[in-house]
Amino acid sequence: MAKHLNPLEKEFLIRQYKSNTTVKLTDFCDANGISDSAFRKWLKQYNESGIEGLARADAEIKEILPEGVDRTEEAYKKEILKLRIENERLKKNYTVRTNEAGEQEYVRLKPKNSK
């Protein structure tokens, strides 16, 4: 009996295949031990419905994303922007803290070097 891959594993394989355009689909499938027809089906499902389309119909877990996550493209763009801003703050040794008044303030993680 064949091993069933979870949707995250399928998405990983799809992203690997799409990132290397020089590899033929048949060679990629042979190297990863999956059938060509199954992989083509995954590609179609992924292009139509994203990661949720890769979940098996008989699987117990039908929701891939956690409850309360907005699945719109705008929500993803906002989240990416928030993470980029946070990343830049951390690069510059800043973090956000809430003071006693409930306001957010930026605080250095380490004091500046006096040298």
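Report on the accompanying structure. (Residues numbered from 1 in each chain as written. Predicted model: local features only at pLDDT ≥ 70, side-chain atom pairs only at ≥ 80, totals over all residues. Heavy atoms only, no water.)

1. Considerations on the pairing of strand S1 (residues 94-98)
Bridging between S1 and strand S2 (residues 104-108) involves five bridges; their strand directions are antiparallel. In the strand pairing of S2, Val96 is matched with Tyr106. The turn joining S1 and S2, which pair antiparallel and follow one another in sequence, is formed by five residues; a positive phi near 85° is taken by Gly102. (Pairing = 2+ DSSP bridges. Helix = DSSP H or I, 4+ residues; strand = E, 2+ residues; numbered from the N terminus.)

2. Re the pattern of salt bridges
Following the criterion strictly, the structure yields one salt bridge and no others. The partner of Arg15 in a salt bridge is Glu11, with the nearest N and O atoms 3.2 Å apart. Of the two residues, Arg15 and Glu11 both sit in helix H1 (residues 7-19), four residues apart, roughly one turn of that helix. Residue classification places Glu11 among the buried residues on the basis of a relative accessible area of 14%. (Salt bridge = Lys/Arg side-chain N within 4 Å of Asp/Glu carboxyl O. Buried < 20%, exposed > 50% of the residue type's maximum accessible area, 1.4 Å probe, protein only.)

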